[in-house]
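Spelled out, the chains give:
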Amino acid sequence: MIILGIHDGHNSGASLFRDGTLLSALSEEKISRKKNEYGFPIKSINSILKYNNISKNQIDAIAVSTKNLPPKYYLVKRNTSFSLQDYFKEQNDYWYKKIYENKHVKYLDVFKKKILGKKKLFYDFSSIKNEDDLSGMQMARKKFYSKYFSLDEKKIYFFDHHECHAYYGYYGRGVINNKTCVITLDGGGDGSNAAIWISNNRTLKNVYRTNIGNLGRMYRYITLILGMKPTEHEFKVMGLAGYALEKSEYYQKSLKIFKETLGVEGIKFKYKKKIKDNYFYFKKKLSGERFDTISYAIQKYLEDILLKWFGNISKKYKIKDFIFSGGVAQNVKATKKILESKNISSIYVPPGPGDESLSIGAVYCYLSKNRIHQNISDMQNPYVGISFRDNDLAFIKKIKNIKIKKTTHKEVASILEKGNPIARFALEPNEFGPRALGNRSILADPRNQDIINLINKKIKVRDFWMPFAPSILEEDAKKNNACY
Ligand SMILES: [Fe+2]
C-alpha cells in the first residue's frame, strides 16, 4: 500500500510510505532553494516518486496535514515571499488597523502586489468565497489532488495540524512500552498552539489543547521587534541570549514584562493579564531595553515556563518520558534545561520538529487511525532524503577552481587536526530537517576555538554571535579525553 503525505503550508514537503515504512521525505525548499517554501510541494513529490520508481497512479491514499489553511497566506506565499519589511507592513497596515483601530481591512488588499498568478497556485480559487474561507480552501485542495493523482476524493484525508506534529514525534521515535507524553508547541495551526497527548495502546489521547499557549508567538514577534525575520530567525535570538550578563539585573525589567502576561497553572496556560497582541504590546513595553537583554529575557521566560509546564504534566500523569514536537521544540537550550530537571528522564525531539515534518506526521496519523499500528516504521535515522550518483556531480566538476576528491576517514581526520574545515558531500541520502548532520555538512575540530570565526566569516557568512554546538557520539562522550 503506497501512501503519499503532503504538507502545503509554510515549510511544505512530501513523504512517501510503502506498507507502513517511510521510503523518503523531502522539504520543498531543498529543491526550490526558497527558504520556508509555501504551497503544493510539486517538486518534492515528483522527486520522491521518481527516486522510488513509483508512479502517480500507484498511490493508494493521500494524507494531508492541516485541515484549515488560510487562503490569504497561501495566495501570497507568506513565509517564502515576505521580506522583513513585509512583516512590518503586515503588522502596521493589517493587524494594527484590525486590533487597535477596529477597522475592516482585507489582507489581500494590503498585499495585492504579492498575489501569485494562477499557474503557481495549483488549486482552483474560483470557488473559495473569501480570503478566510477555510472550508472552501480544503475543498479546492482536495479537488486538485483528486484530479492531479487520478484518485477518488474519498481516499484523500486531512489531519489536524497538532495531531500531525504529535504522531510524527510518537512514531518517528519508535513506539516504546513506557507510558509517554507528547507535547506539541508552535506558532499555531488548526486553531491551536499547544497540546498534550498521552500514549495509549499505540495511539495518542489528546488530554489538553489550547490557543493561548503563546510561547511560540511571543518568541516570533520578539524576533521581529529585534529586526529579524519571524518564523525563521528565532534561532538567532536564542544565540544572542547567551551574550547577556546572566548575573546582571539588566534583563529583569524585560523578563517582568513577559512574566506578567502569561503563565501556567497545573497543565494549563493561563493569562495573568490579557494583552491585545504579541507585537505592538511588547514593542511599546520593551522600548529602551537593550537587544541582548530582551533576547536573554525571552529565552529565560520560555525556559522557566516550559520547565514548570513539563514538571506539572509529569506530576499529574506520573510520566517521565517525553516527546517534544512543533516549532518551539527547535529551541535546544530550553530542551536542555527541561532535561536537567529531576522529574524528567528523557525527551525525544524528532528531526525537523517544525512544520517541515508535517507530511510525515499526516501519514502516521492515517496509519494509526486505520489501525495499521504494528507495521509502522520509525524514522530509524534522519537520512530519509534522496541520494546522488557520481554523474550528479558533473556540474561541479566543470568549475575549474573546485577540486573534488574522494577521501578516507583517516585523511579527513588529518585535515581536521591541522585546523582546516572540510565540506562533506556524501552520495548517501540527505538528512531530513534543517540541521546538517554529516551527509551535507561542514566539519571542523571543536578544540580549536578560532575555527568558529573562520567558518562564520569565510564559509557560512553567518552573524558573528551565532554559536556552534559540537557533537559527539553518545558512547564516546564518557571517554576521559572527550570534553574540551
Ligand atoms: Fe506547526
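Given the structure is predicted, the values throughout are model-derived calculations rather than measurements.

What about the sheet that holds strand β8 (residues 203-210)?
If you walk across this open sheet you meet the 5 strands as β8-β7-β6-β11-β12, and the pairing is mixed. Since the sheet does not close on itself, it has two edges, and those belong to β8 and β12 (346-348), each with one partner. Sheet twist, expressed as the average angle between the axes of neighbouring strands with direction ignored, equals 25°. Packed on one face of the sheet, helix α10 (residues 215-225) meets β6 (180-189) and β7 (192-200) and runs near 45° to β6.

Some details on the pattern of salt bridges
Counting across every chain of the model gives 20 salt bridges. Salt-bridge contacts for lysine 35 lead to glutamate 29; the nearest nitrogen and oxygen are separated by 3.5 Å. Across the salt bridge formed by glutamate 101 and lysine 103, the nearest N and O atoms sit 3.3 Å from each other. The class of glutamate 101 is partly exposed, set by a relative accessible area of 37%. Residue lysine 103 is classed as partly exposed on the basis of its relative accessible area, which comes to 46%. If you follow the salt bridges from partner to partner, you end up with Lys256, Glu260 and Lys273 in one network.

Looking at the coordination of the iron ion
Distances from the iron ion to its protein donors, His161 (NE2), His165 (NE2), Asp186 (OD) and Asp355 (OD), fall within 2.2 to 2.3 Å. Spacing between the donor residues of the iron ion along the chain follows H-x3-H-x20-D-x168-D. Placement of the pair is aspartate 186 in strand β6 and aspartate 355 in the loop between β12 and α16 (358-369), with a sequence separation of 169 residues. Like aspartate 355, aspartate 186 is buried.

Points about the sheet that holds strand β4 (residues 61-65)
With mixed pairing, the 5 strands of this open sheet are ordered in space as β3-β2-β1-β4-β5. The open sheet has two edge strands, β3 (21-27) and β5 (156-159), and neither has a second partner. In this sheet, neighbouring strand axes are inclined to one another by 20° on average, regardless of whether the strands run parallel or antiparallel. In this structure, strand β1 (residues 2-7) lies alongside β4, joined through 4 bridges in parallel fashion. Bridge pairing links isoleucine 3 to alanine 61 in β4.

Some points on the environment of isoleucine 212
Along the chain, the position of isoleucine 212 falls in the loop between β8 and α10. Taking the C-alpha atoms as reference points, isoleucine 212 and valine 182, 30 residues apart in sequence, are found 18 Å from one another. Those residues in contact with isoleucine 212 that sit more than four places away from it in its chain are Asn193, Leu262, Phe269, Lys270 and Tyr271.

Considerations on the domain arrangement of the protein chain
Accessible area lost upon the coming together of the parts serves often as the stated size of an interface. For the protein chain, the assigned domains are domain 1 (2-65 + 67-81 + 116-159), domain 2 (175-352) and domain 3 (390-482). Each of domain 2 and domain 3 was reduced to a C-alpha centroid, and the two centroids are 31 Å apart. Counting from both sides, the interface comprises 9 residues of domain 2 and, opposite them, 9 residues of domain 3. Buried surface at the junction of domain 2 and domain 3, summed over both partners, amounts to about 710 Å²; 65% is from carbon and sulfur atoms. Run the count over domain 2 and domain 3 and you get 1 salt bridge.

Cut-offs applied
Residues numbered from 1 in each chain as written. Predicted model: local features only at pLDDT ≥ 70, side-chain atom pairs only at ≥ 80, totals over all residues. Heavy atoms only, no water. Pairing = 2+ DSSP bridges. Helix = DSSP H or I, 4+ residues; strand = E, 2+ residues; numbered from the N terminus. Axes fitted to C-alpha atoms, helices over the stretch in contact; angles between N-to-C directions. Contact = heavy atoms within 4.5 Å. Salt bridge = Lys/Arg side-chain N within 4 Å of Asp/Glu carboxyl O. Buried < 20%, exposed > 50% of the residue type's maximum accessible area, 1.4 Å probe, protein only. Donors = N, O, S within 2.8 Å, 3.2 Å for Na, K, Ca; no water. Domains from an automatic or database assignment. Buried area = accessible area lost by both parts, 1.4 Å probe.

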